[in-house]
Amino acid sequence: MNKFIIRQSCLLFLTALIWGVAFVAQSVGMDYVEPFTFNAVRCTLGGIVLIPCIGVLTIWKRNKNHSDKDTVKSGGQTTDKTEKLNWIKKRKDLIIGGSACGILLFISSNFQQVGIQYTTAGKAGFITALYIVIVPVLGIFLHRRSSIKIWIGVVVALFGLYLLCIQENFTLGKGDGLVLVCAVTFSFHIMVVDYFSPKVDGIKMSCIQFFVCGILSSVCMFLFENPQISQILSAWLPILYAGVMSCGIAYTLQIIAQEGMNPTVASLILSMEAVVSVLAGWILLHEKLSARELTGCVFMFAAIILAQLPQRKKV
């Protein structure tokens, strides 16, 4: 396994770690505000946090480009024209990619937030993590094949998630259906990120997706809810964590870390958020972890290690 894959995998695991803890923030935040209000504020905050980061990186890249041009001066008008066309294409990809991710994030995050009110946390966690199965299935239609090793990892991870999250007879109710929509749309989100992340600046695309999601959530907030400033201020800590850490940092890490990674492997690592959420609930909310749930965690780790093992070279 090369250093690049190890680095990207560590970034994806850090993303899953932040998302897992965010389940606690989302649970606490729902005690004060309604779903669309929570997502509207957190996503807008996530976009705002990234603006200064983009400014600093833009200045750094501009200085680096000036330095490169001073070192090598060649190409003339043809080079300038090519650079302009490339800039236009990248800008177009950035807007399309960021907007598509924002729309999918809006659908998945709000369906999850609304659906979890009508189902148990165990079912919601299991159904949401079904994206580890949906992603490789989508890859088939997009002519991206996954190795048998990864498919075995998917099956093992699913079994682990079942042990981890499902504690009662599995039936598909109203809330389960809403969370299932979240799993499907988040699978498309992973595939869109996989397609656009090599083409555009990951931080800029992440910033666009948050503002798109924040605007759409705000529209629904004013249409279907009755937001109160006092309620939002009461939920400042969970909203701050969800906005800065879960949105601003974690979703940006996802975009950066998925570049060059197999989307199925990426989804397996990201599914560790289910394990982390159980551990975070145990530590922060004093929820007990049963032997069954611990066994599920072991299977999840085994699936991720299996997916990361290097392929045997053909002689």
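See the structure printed just above.
Going along each chain's sequence as written, the residues are numbered from 1 onward. Residue-level local features of this predicted model are given only where pLDDT is at least 70; pairs of side-chain atoms are given and counted only at 80 or more, and the full residue set underlies all totals for whole chains, interfaces and linings. Hydrogens and water molecules were not included; the side-chain quantities draw on all heavy atoms of the structure.

Q: Help me understand the pattern of salt bridges, please; the structure alone is not making it clear to me.
A: Between side chains of opposite charge, a pair can form as their charged atoms come close. What counts as a salt bridge is simple: a side-chain nitrogen of Lys or Arg found within 4 Å of a carboxyl oxygen of Asp or Glu. Applying the stated criterion across every chain, the model contains 1 salt bridge. For the salt bridge of D93 with K89, the shortest nitrogen-to-oxygen distance reads 3.2 Å. Within this pair, D93 and its partner K89 are both found in helix α3 (residues 76-115), separated by 4 residues, close to a single helical turn. The helix and strand labels rest on DSSP assignments: H or I over at least four residues marks a helix, E over at least two residues marks a strand, and numbering proceeds from the N terminus.

Q: I keep staring at the side chain of T185 and nothing clicks. Help me out?
A: Following the sequence through the fold, T185 ends up in helix α7 (residues 174-196). Think of it in three bands: residues with accessible area under 20% of the maximum for their type are buried, residues over 50% are exposed, and the middle band is partly exposed, with areas taken using a 1.4 Å probe on protein chains only. Given a relative accessible area of 10%, T185 falls into the buried group. The contact rule is simple, with two residues in contact once any of their heavy atoms fall within 4.5 Å. Excluding residues that lie within four positions of it along the chain, T185 makes contacts with L104, I107 and S108.

Q: Sorry if this is basic, but what is going on with the packing of helix α5 (residues 131-141) against helix α6 (residues 148-165) here?
A: Axis angle and axis distance: for two packed helices, these are the angle between their axes and the distance between the axes, and together they describe the pair. Two elements in contact, α5 and α6, have axes whose closest approach is 9 Å; the angle formed by their N-to-C orientations is 155 degrees. Relative to α6, the element α5 lies roughly antiparallel. The segment α5 lies against α6, with I132, V133, P136, V137 and I140 engaging W151, V154, A157, L158 and L161. Amino acids are sorted into nonpolar (Ala, Val, Leu, Ile, Met, Phe, Trp, Tyr, Cys and Pro), charged (Asp, Glu, Lys and Arg) and polar (every other residue, Gly among them). Here the contact of α5 with α6 is built from residues that sort into 10 nonpolar, no polar and no charged. Fitted lines through C-alpha atoms give the axes, limited to the stretch in contact for helices. The angle between two N-to-C directions lies from 0 to 180 degrees. The scheme is simple: roughly parallel for angles under 35 degrees, roughly antiparallel for over 145, roughly perpendicular for 65 to 115, oblique for anything else.

Q: I keep staring at the state of the cysteines and nothing clicks. Help me out?
A: Two cysteines form a disulfide when their sulfur atoms are joined by a covalent bond. By disulfide we mean two sulfur atoms from cysteines, separated by a distance within 2.5 Å. According to the stated counting rule, one finds 0 disulfides in the structure shown. For C43, which is in no disulfide, the shortest distance to another cysteine sulfur is to C213 and amounts to 3.4 Å.

Q: Honestly, helix α10 (residues 236-258) in this entry has me stumped. Any pointers?
A: Residues spaced three or four apart along an α-helix face the same direction, because each turn holds 3.6 residues. By this rule, a helix spans an expected 1.5 Å times one less than how many residues it contains. Look at α10: 31 Å from first C-alpha to last across 23 residues, which is about the 33 Å you get at 1.5 Å a residue. Backbone geometry just downstream of α10 places G260 in the positive-phi region, at approximately 85 degrees.

Q: I keep staring at the packing of aromatic side chains and nothing clicks. Help me out?
A: For any pair of aromatic rings, geometry is given as the distance between the ring centres together with the angle between the planes. When two rings of Phe, Tyr or Trp (its six-membered ring) have centres within 6.5 Å they constitute a pair, described as stacked for plane angles under 30 degrees, edge-to-face for angles over 60, and tilted for the intermediate range. Following the criterion strictly, the structure yields 6 aromatic pairs and no others. Measuring from ring centre to ring centre gives 5.0 Å for F159 and F299, while their planes differ by 85 degrees; the resulting arrangement is edge-to-face. Of this pair, F159 sits in helix α6 while F299 sits in helix α13 (residues 291-308); the two residues are 140 residues apart in sequence, bridging distant segments of the chain. Among the residues examined, F299 registers a relative accessible area of 30% and is labelled partly exposed. For the pair F210 and Y251, a centre-to-centre distance of 5.8 Å together with 80 degrees between the ring planes defines the contact as edge-to-face. With F210 in helix α8 (residues 202-224) and Y251 in helix α10, this pair connects stretches of sequence that are 41 residues apart. We count a charge as sitting over a ring when the NZ of a lysine or the CZ of an arginine lies within 6 Å of the ring centre and within 35 degrees of the ring normal. Above the plane of the ring of Y195 lies K199, whose end atom (NZ or CZ) is 4.9 Å from the centre.

Q: Looking at this structure, I do not really get empty space enclosed by the protein. What am I missing?
A: In this approach the atoms are scanned with a rolling probe the size of a water molecule, which exposes any empty space left behind. Both cavities and pockets are sets of points on a 1 Å grid over the protein atoms alone; in a cavity a 1.4 Å probe fits but cannot get out, in a pocket the set is open with protein on both sides within 12 Å along at least five of seven lines, and lining residues sit with an atom within 4 Å of a point. Grid points are joined across faces, edges and corners, and a volume is the space filled by probe spheres set on the points. By the definition in use, this model includes 2 cavities of 30 Å³ or more. Computed from the structure, the largest cavity encloses a volume of approximately 180 Å³. Q26, Q112, F186, Y251 and E273 are, among the 14 residues lining the largest cavity, the residues nearest its centre. Listing elements by their share of the lining of the largest cavity, those giving two or more residues are α1 (3-29), α3, α7 and α10. Looking at the lining of the largest cavity, the element that brings in the most residues is α1, giving 4 residues. Each pocket or cavity is described by its volume, and for the second largest cavity that value is around 30 Å³. Around the second largest cavity, the lining residues are V33, E34, T37, N226, P227, Q228, Q231 and I232.

Function-wise, these values are silent; they only describe arrangement.
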